[in-house]
Amino acid sequence: MTHEQWRDKGVRVAVLRLDLIHPVLSGNKWFKLKYHLQQAFQLQKKGILTFGGAYSNHLVATAIACNLEGLAAIGIVRGEEPAVLSHTLHDTKRYGMQIQYVPRSVFQHEQALIDTLQQQYPDYLIVPAGGQSAAGVQGAAEILSLTNAASFTHVACAAGTGTMFSGIINSIAPHQQVLGFSSLKLANHDDNSLLSMIGQHSTSSSWQLIYDYHFGGYARKNDTLLAFMNQLYQATGLPTDFVYTGKLMYGLYDLIQQGYFQPGSEILAIHSGGLQGNRSLPAGTLCF
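Remember, it's a predicted structure, so these values are computed and weren't measured experimentally.

Comments concerning the packing of aromatic side chains
Under the criterion given, the structure shown has 11 aromatic pairs. With centroids separated by 5.7 Å and ring planes inclined at 80°, the aromatic side chains of Y121 and Y124 adopt a geometry described as edge-to-face. This pair shows no difference in class: Y121 is buried, exactly as Y124 is. Here F215 and Y250 contribute two aromatic rings whose centre-to-centre distance is 5.0 Å and whose plane-to-plane angle is 85°, an arrangement assigned as edge-to-face. Here Y250 lies in helix 10 (residues 245-257) and F215 lies in the loop between strand 9 (207-210) and helix 9 (223-236), a separation of 35 residues in the sequence.

Focus on the environment of P103
Among the secondary structure elements, P103 is positioned in the loop between strand 5 (98-102) and helix 4 (104-107). For the pair P103 and V77, spaced 26 residues apart in the sequence, the C-alpha separation amounts to 8.5 Å. Leave out the neighbours within four places in its chain, and P103 touches G79 and E80.

Digging into the side chain of H271
In this fold, H271 is placed in strand 10 (residues 266-271). Within the structure, H271 has its side chain in polar contact with the backbone nitrogen of G273 (distance 3.1 Å). Ignoring any residue separated from it by four or fewer positions in sequence, one finds H271 in contact with V15, L16, R17, L18, D19, L238, P239, T240 and T245.

Definitions and cut-offs
- Residues numbered from 1 in each chain as written.
- Predicted model: local features only at pLDDT ≥ 70, side-chain atom pairs only at ≥ 80, totals over all residues.
- Heavy atoms only, no water.
- Phe/Tyr/Trp six-rings, centres within 6.5 Å; stacked < 30°, edge-to-face > 60°.
- Buried < 20%, exposed > 50% of the residue type's maximum accessible area, 1.4 Å probe, protein only.
- Helix = DSSP H or I, 4+ residues; strand = E, 2+ residues; numbered from the N terminus.
- Contact = heavy atoms within 4.5 Å.
- Polar contact = N/O pair within 3.5 Å; in protein donor to acceptor, adjacent residues only side chain to side chain.

Keep in mind these values describe shape, not function.
Spelled out as structure tokens, the structure:
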């Protein structure tokens, strides 16, 4: 994969461009779906049923992955059917995914919803939102095999469900540390969904979650973040999205300015894709 690189205060940052894997099935999504797809074939399932919001990268990735592999796909979307489809939902339908809308209140009883759907669709493999499972972690653990990751002192990535973060933790060398930049606004830093996921699936203690760069919460943004994304692109040619990778790169840059990293540190930042989410922004907001 190609790397965009920049240096500052004696620290080098290289970016692993997972967003270049495929025009649509890009970023970490392929890795998190890989073993779910294998399971669907091994269990002789008709297709995959999964969950997401109206702007879910995971839904688009699942739709096209199933389309390419000859599997059916059902997407369970949180909320009421919108009057106008988002770009995301339009794409999922274009790739053949059947969409069903479920009230947000139903999602609060996740296991009951899953049990009902499993009875309704016994021929489908149910995949958690974001591929958040042991199979998703197993696939994400293969991301670092794309590059000479052992030459870096730190590996940094965005953290949403914690699936990719857990996989990266499981694949680092003993001398490395993984930094996860939470895209969620989590008030409790001692007991939260990310920590629970990592505790269930990771095998190393050489990691740290950073909670200070969510910009108000999941999919939230402000002019500071958007201006940084434009400046980063103009300086390096690196496009980012406002949900995950823009916040990751902003956080890394800010920590470097604060002297968080020792001079000589070598950081590998994982570009996890998700650029399609930028299409929800008004035209002209971003320069790329």
